[in-house]
Amino acid sequence: MNNLIWILIEALIKAVVILNVILLGAATSVYLERKISAVIQDRIGPNRVGPFGVLQPFADVFKLFFKEDIVPKASDKFFHSLAPIISLGVAVAVYAVIPFAHYVEIGGTKYYIGIAPNLNIGLLFILAMTSVGVYGITLAGWSSNNKYSLMGGLRSAAQMISYELSMGLSLIGIILISGSFSLNDIVIGQANWKWNVFLQPLGFLIFLVSAFAETNRAPFDLPEAEPELVGGYNTEYSGMKFGMFFLAEYANMATSSAFITLLYFGGWQLPFSPDLLGLAEGSIGLAVAQFLVFFIKVVFFIMFFIWVRWSIPRFRYDQLMRLGWKVLLPLSLLNVVLTAAAILIFK
Amino acid sequence: MNIEHNIERERMTFWERIYLPEIARGLGLTFRRMLRPKMTRQYPEERWEPLGSYRGRPVLVEEDSVERCVACGLCARVCPALAIEVQASETELDKERFPIKFEINMLRCIYCGFCEEVCPEEAIVMSKDYELVFTSPEAGIMDKAKLLVPIAQLQDRLEFVRRYR
C-alpha cells in the first residue's frame, strides 16, 4: 500500500513536469511554424514580442484567453465544450508512454525518464489514443451545427481512419524486428546505429505519410481546407476553445515527431558509444545527454513537418483517399510480408 | 466530360506519379528560398521615402512665409469629392487676393490630384506625407495652418509637376 502511494507520487511529479514540457513545446512549435513560414516566404516573421519574437506564442495564447467565447445558439453546448478538451487531452495523454531518456539510478532505485515508458503495450496505447483524437474533431464538427464544421469533421474522421490502417500495418514491421510493444525496448534494440529506418525504409515512408495525415497537417489538412470549408471543424470556435484545438494540433505534431524519432531514428540512443563521454549507465549526466539527443531529433522532425507544410500544396479529397487505400495500404501489407520473410530467412 | 483523356496517368511520368522525387524537389526549392534576402521593411523604424510622383496628402505651398494661393477657387470647383473649401479675401501683397479660409476635409479627399493639376499658381501640390491618422472626424478637417508647407520640402513634387503636366 505504502509502495503504491510512492509510485503514484512519482508518476504525478513526472506528469506535471512533462505536461509543462509539452505545452512549452507546443508553444515553441507555433513560434517555429511562424518563423519558418516567414523565412520561406522571404519575410522575417514575429520579431516584436521578446528577443527575436520568442514570446509571440504566449502573447497569442493570452489574447485567446481574453477573447469572447462565442457558442452558436443552435449548437449542442455540452459536446461543443467537450470536443476541444478531448482533442487536447488525447494529444497530451500520449506522452504518458514516451521515454525521454533511459533511466537515472539514485540510491539503487531506477527512475525511468517518462511517466510509464516501460508499459508493455506502449505502442498500442499510442495508436489507441490517436484514434480517440478523431472523436474530438468529429464531435466539434457535429456539435457546431454548421455545415462547414460538419464537412470538416466527417472528412477528418474518414481520413484518420483510412490512414490509421496503413500506419498500424507499417508498425508491424518494427514489432516483428524488436519483438516488443514497449517503446523503451524498441529504442534499446536500436543501439549502435541499428536504426529501424535503415531496416525498414518502406515502412518509414508509409509511417511518415500516415503521420502527416493523422495530425491533419498539410498536405493532408483537408479537414480545415480554407478555400472550400472556411475553417473546417473549428469554424464555430473562438477564444480558448479554439486555442485548445490550436495547441492540440501542435502537440500532435510534436507527438508524431517524437514517435518517428523513437521508432525509426533510435530515440534517445546517443549517436556514439556512451563510454566515449565517460558516463556510467544510470548517471544523471548520461540521462541529460540522452534527453538532448532525443530533443534535437524531435525538433528536427517538427521543423520537417513545418517545412513540408509550406512547400507542398493540399491534396484533393479523392487523391487523398486513393493514396490511402490504393497505394499505402497494399504497400504496408507488402512491407509486413517482406519483413516477416526476411526475419524467417536471416534469423 | 471526357475523362478518358488528359488523366493523371497520361500527364505525368512514372517518377512524377510516385510523388516522392517531386516532393523532394519542392522541399529543395523552399529550402533555397530560406537563404535569400528578406523583403520585409521594418516599418516604424524604417520608413519608405516616396518618389516625386507619389500622391500623398495635398498641401499648400508656402513661399516667403506666405501661401502662393490666390483663392481663385478652381481646386474647390474641380474636386470630385467636394473636399476643399476656399474663402477669398483681399491683401496688400502683389497677388491682391488670398484665401482667408482654406480647408481640406481629409475624410473626403480621394488623392486624385485634380486640385494640383488645375491650379494656375502651383499653389496646391500633393506631398509625400502618407501617415494620415486622426482620432476624430473634426481632426480630419485640415485648416490653413496644417496645410501650409515650406516650398523647400516640396521641390521633388514641383519638379515632377512641371515636367509632366
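Every value quoted in this text rests on a predicted model; they were computed, and no experiment measured them.

Chemist: Go over the overall build of chain A, please, and point to the residues and values.
Modeler: Scanning chain A from N- to C-terminus turns up 12 helices and two strands. Put simply, chain A runs from its N terminus to its C terminus through helices and strands in the order α-α-α-β-β-α-α-α-α-α-α-α-α-α. Relative to the globule expectation of 20 Å for 347 residues, the C-alpha radius of gyration of chain A, 21 Å, shows essentially globular dimensions. Seen through its principal axes, chain A has C-alpha atoms that stretch 60 × 50 × 45 Å. Looking at the 347 residues of chain A, the share that counts as buried comes to 51%. Counting only contacts in chain A whose residues sit at least 6 apart along the sequence, the fraction spanning at least 24 positions is 79%. Roughly 16,100 Å² of accessible area belongs to chain A as shown, and the carbon and sulfur atoms make up 74% of that amount. Separation of charge centres in chain A, based on 22 positive and 20 negative side chains, amounts to 5 Å.

Chemist: Would you mind going over the environment of Ala258(A) in detail, with residue names and values included?
Modeler: Residues and elements named next belong to chain A. Within the element layout of this structure, Ala-258 appears in helix α10 (residues 239-264). Overall, Ala-258 belongs to the buried group, its relative accessible area being 2%. Between the C-alpha atoms of Ala-258 and Asn-3, which are 255 residues apart in sequence, the distance is 31 Å.

Chemist: Any chance you could break down the packing of helix α8 (residues 201-214) of chain A against helix α11 (residues 284-309) of chain A for me, citing the residues and the numbers?
Modeler: How two helices pack is summed up by the angle between their axes together with the distance between the axes. Residue and element names in this part refer to chain A. In contact at an axis separation of 12 Å, α8 and α11 are set at 70° when each is read in the N-to-C sense. One way to sum up the angle between α8 and α11 is to call them roughly perpendicular. Contact residues: Leu-208, Ala-211 and Phe-212 in α8; Phe-304, Phe-305 and Val-308 in α11. Per-class residue counts for the contact of α8 with α11 are six nonpolar, no polar and no charged.

Chemist: Can you lay out the sheet that holds strand β6 (residues 141-142) of chain B for me, pointing to particular residues and giving the numbers?
Modeler: Residues and elements named next belong to chain B. With respect to topology, three strands assemble into an open sheet ordered β3-β4-β6, the strand pairing being antiparallel. With partners counted over all chains shown, the strands left at the sheet margins are β3 (84-90) and β6, one partner each. The pairing of strand β4 (residues 97-105) with β6 spans two bridges and is classified as antiparallel. Looking at β6, one finds that Asn-105 is bridged to Ile-141.

Chemist: A description of the packing of aromatic side chains should follow, citing residues and the corresponding values.
Modeler: Residue and element names in this part refer to chain B. Counting across every chain of the model gives 23 aromatic pairs over all chains. Consider the rings of Trp-48 and Tyr-54, whose centres lie 5.1 Å apart with planes at 85°: the pair is edge-to-face. Assessed through its relative accessible area of 36%, Trp-48 is described here as partly exposed. Overall, Tyr-54 belongs to the partly exposed group, its relative accessible area being 26%.

Chemist: I'd like a rundown of the state of the cysteines, residues and numbers included.
Modeler: Residues and elements named next belong to chain B. Considering all chains together, one arrives at zero disulfides over all chains under this definition. Left unpaired, Cys-112 is separated from the closest cysteine sulfur, that of Cys-79, by 6.1 Å. Cys-119 takes part in no disulfide bond, and the closest cysteine sulfur to it belongs to Cys-72, at a distance of 6.1 Å.

Procedures and definitions
- Residues numbered from 1 in each chain as written.
- Chains lettered and ligands numbered in written order.
- Predicted model: local features only at pLDDT ≥ 70, side-chain atom pairs only at ≥ 80, totals over all residues.
- Heavy atoms only, no water.
- Helix = DSSP H or I, 4+ residues; strand = E, 2+ residues; numbered from the N terminus.
- Rg over C-alpha atoms; globule rule 2.2 N^0.38 Å.
- Buried < 20%, exposed > 50% of the residue type's maximum accessible area, 1.4 Å probe, protein only.
- Contact = heavy atoms within 4.5 Å.
- Areas by Shrake-Rupley, 256 points an atom, 1.4 Å probe, with all protein chains shown as cover.
- Lys, Arg positive; Asp, Glu negative; His and termini not counted.
- Charge placed at Lys NZ, Arg CZ, Asp CG, Glu CD.
- Axes fitted to C-alpha atoms, helices over the stretch in contact; angles between N-to-C directions.
- Parallel < 35°, antiparallel > 145°, perpendicular 65-115°, else oblique.
- Nonpolar A, V, L, I, M, F, W, Y, C, P; charged D, E, K, R; others polar.
- Pairing = 2+ DSSP bridges.
- Phe/Tyr/Trp six-rings, centres within 6.5 Å; stacked < 30°, edge-to-face > 60°.
- Disulfide = S-S within 2.5 Å.

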